[in-house]
Amino acid sequence: MPPAGLPAPTESLSLSQARRVALRAQGLDVPRPERTGPATMRHLQRVVDRLGLLQIDSVNVLARAHLMPTFSRVGPYDPALLDRASGRAPRRLVEAWAHQASYVPPETFRLLGWRQRTYATEAWGSIAQVPLQHAPALTEIRTLLASSGPLTASEVQVHFEADHPTSRDEWGWNWSVAKRVLEFLFFTGEVTSAGRNAAFERRYDLADRVLPPDVLAQPEPDDAAAVRALVEISARAHGIGTLGCLADYFRISQRLAATAAAELVEDGVLVPVRVAGWEARPVFRHRDATLPRSARGAALLSPFDPLVFERRRLEELYGLRYRIEIYVPEPKRVWGYYVLPFLMGEQLPALVDLKADRAARALRVVAAHASPGTERLPAGTVDALAAELRLVATWLGLDDVVVGAADGTLRGDLAAPLRHATADAA
């Protein structure tokens, strides 16, 4: 039975059809279009328009998280495009707390005000407590940014080092007082990034100086309208998904997402559907989502790619139980440190642990496994994966693809055939 207030689904899809709807929405159902020249800002904009956000993560063992989704959909491109889109006026992208720290279009930044205003319950403890624990520093840093921004956290910390020296005694995110205050101001939307420096440090500045004037001039949306707009962006990017999927994209509570989804169903924006094997929870299709006859794309996906954001969705739709193991002690890792699923058609048949060995100018495949539950690899999987690895290496300016750990060990059941495939193509 559908939840109270929702009409019963009149449309039924198989699991295969649901996968293809999702892949079409994400721009991964077909091979990358061939180009006669370099990728342009228009290519990047199409990816941003389709995905709605790019998650940011500082791990750089392969390529930074926000760079990979565009590569997966466009192929090799100059990352300076993204730097320009987020670091020069008028900005096409700004940083905000969306699906964690993310690049979002400036218009989407304005939809996050409800979260920014409710930081006491929406932010994690050390950030939510900043106004109580560091009130004088908060006032001073606001004044400093207003007069001297944009500034990095280390540049701001110089002003506070005498009274609040940086501690290096603790493991983990050992943030200075300046960094904590800046992250509070970032979470609440009072400041954002005016761009990143060569060390990938945020250059914090007042949001009013970063957002385009036409966006600043728009009226502030009320909370319900803003959440509804975010849920629609999520639904469009997913194509099809459960309430949990729609809520997770912008880390909205399911309570708020449920209200927004019901209103979007009433407006005809979301269509309740039935998916075989996914009956336990209500499923919605965005009205503009389409079903391709087949899925023929092939791409490596970052652990932070929007297609694999929500791990329960990934397991239910694609049969892949996937967890990132960066914070797992090495002896306990199953698949590796920085493992990327490989998409082929509508399946995710392989997992590869990758490292850009910049000193050796090689892309190292530390491990390669058939995905758990894969009984038979789709024909041509290994060769297609080898071709994708060579493309990644070219994009990163690396000269070779090396299959095997630094000590020569081959890890995973696909390592040996992948080594042969990459050697044959060399």
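Values in this document were obtained by computation on a predicted structure and should not be read as measured data.

Here we come to the sheet that holds strand β11 (residues 339-344). The 5 strands lie next to each other as β10-β11-β12-β13-β14, forming an open sheet whose pairing is mixed. In this open sheet, the two edge strands, each paired with only one partner strand, are β10 (298-300) and β14 (400-403). Along the sheet, successive strands turn relative to each other by an average axial angle of 30°, direction set aside. Across 3 bridges, β10 lies against β11 in antiparallel orientation. By the bridge assignment, A298 is partnered in β11 with M344.

It is worth spelling out the sheet that holds strand β8 (residues 270-275) at this point. Here we have 4 strands laid out as an open sheet, ordered β1-β8-β9-β7, and mixed in their pairing. Strands at the two margins of the open sheet, each flanked by one partner only, are β1 (11-13) and β7 (240-242). Neighbour-to-neighbour, the strand axes of this sheet turn through a mean angle of 45°, independent of strand direction. Pairing of β1 with β8 involves 3 bridges; the strand directions are parallel. Its bridge partner being in β8, S12 is matched across the sheet by R274. On the sheet, helix α15 (residues 223-238) packs against β7, β8 and β9 (283-286) and is oriented at approximately 85° with respect to β9.

Okay, the pairing of β9 next. Here β9 shows a buried face lined by V283 and R285 and a second buried face lined by F284 and H286. Relative to β9, β7 runs antiparallel, the two sharing 3 bridges. In the sheet register, I240 faces β9, and the bridge partner there is R285. Both β8 and β9 contribute to a ladder of 4 bridges, which runs antiparallel. The partner of L270 across the bridge, within β9, is H286.

For the rest of this paragraph, the subject is the pattern of salt bridges. A complete count under the given rule lists 25 salt bridges for this structure. Between E95 and R196 there is a salt bridge, with the nearest N and O atoms lying 2.9 Å from each other. Taken together, the positions of E95 in strand β3 (residues 94-98) and R196 in strand β5 (residues 191-196) put the pair 101 residues apart, joining distant regions of the chain. Taken together, the shared-partner salt bridges connect E95, K179, E183, R196 and R202 into one network.

Burial along β14 is one-sided: the residues V401 and V403 are buried and none of D400 and V402 is. Bridge count for strand β13 (residues 362-370) against β14 is 4 bridges, and the pairing is parallel. The residue of β14 that forms the bridge with A362 is D400. In terms of handedness, the path from β13 via helix α19 (residues 381-395) over to β14 forms a crossover that is right-handed.

What follows concerns the packing of aromatic side chains. Evaluated as defined, the whole model comprises 8 aromatic pairs. Ring plane angle 85° and centroid distance 6.1 Å describe the contact between W124 and F187, whose orientation is recorded as edge-to-face. Remark: F187 occurs in helix α12 (residues 177-187) and W124 occurs in the loop between α7 (119-122) and α8 (125-128); sequence separation between them is 63 residues. Given the relative accessible area of 2%, F187 is considered buried. One aromatic cluster in this structure is built from F71, Y77 and W395. In this structure, R32 packs its charged tip against the face of F71, placed 5.0 Å from the ring centre. One residue, R202, lies across the ring of F186, its end atom 3.9 Å from the ring centre.

All right, on to the side chain of H286 then. One can find H286 in strand β9. If near-sequence neighbours (up to four positions away) are discounted, H286 is found in contact with E232, A235, R236, G239, V269 and L270.

The next point concerns α19. Taking 1.5 Å as the rise per residue, α19 with 15 residues should run 21 Å; its terminal C-alpha atoms sit 21 Å apart, in good agreement. Within α19 the residues assigned to the buried category are T381, V382, L385, A386, E388, L389, V392, A393 and W395. Residue G397 follows α19 closely and has a positive phi angle near 75°.

Bringing the packing of helix α1 (residues 15-26) against helix α18 (residues 311-318) into the picture now. For the pair α1 and α18, the least separation of the axes is 9 Å and the interaxial angle reads 130°. The orientation of α1 with respect to α18, classified from their angle, is oblique. Between α1, through L15, A18, R19, A22 and L23, and α18, the contact on the second element is made entirely by R313, E316, L317 and Y318. Its residues assigned to classes, the contact of α1 with α18 comprises 6 nonpolar, no polar and 3 charged.

A few words on the confidence of the model for the chain. Within the chain, residue pLDDT values average 92, and 95% of them lie at 70 or more. Counting interchain partners and residues more than four positions distant, the pLDDT-below-50 stretch residues 169-173 has 1 contact.

Attention now moves to α18. Along α18, the residues classified as buried are R311, R313, L314, L317 and Y318. Seen from one end, α18 has its buried residues packed into an arc of 155°, which puts them on one side. The elements touched by buried residues of α18 are α1, α15, β7, α16 (243-248) and β12 (347-357). In the segment just after α18, G319 is the residue with positive phi, at about 75°.

Scoring rules and cut-offs
- Residues numbered from 1 in each chain as written.
- Predicted model: local features only at pLDDT ≥ 70, side-chain atom pairs only at ≥ 80, totals over all residues.
- Heavy atoms only, no water.
- Pairing = 2+ DSSP bridges.
- Helix = DSSP H or I, 4+ residues; strand = E, 2+ residues; numbered from the N terminus.
- Axes fitted to C-alpha atoms, helices over the stretch in contact; angles between N-to-C directions.
- Contact = heavy atoms within 4.5 Å.
- Buried < 20%, exposed > 50% of the residue type's maximum accessible area, 1.4 Å probe, protein only.
- Salt bridge = Lys/Arg side-chain N within 4 Å of Asp/Glu carboxyl O.
- Right-handed = clockwise from strand over helix to strand, strands pointing away.
- Phe/Tyr/Trp six-rings, centres within 6.5 Å; stacked < 30°, edge-to-face > 60°.
- Lys NZ or Arg CZ within 6 Å of the ring centre and 35° of its normal.
- Expected span 1.5 Å × (residues − 1).
- Parallel < 35°, antiparallel > 145°, perpendicular 65-115°, else oblique.
- Nonpolar A, V, L, I, M, F, W, Y, C, P; charged D, E, K, R; others polar.
- pLDDT = per-residue confidence, 0-100.
- Arc of directions from axis to C-beta.

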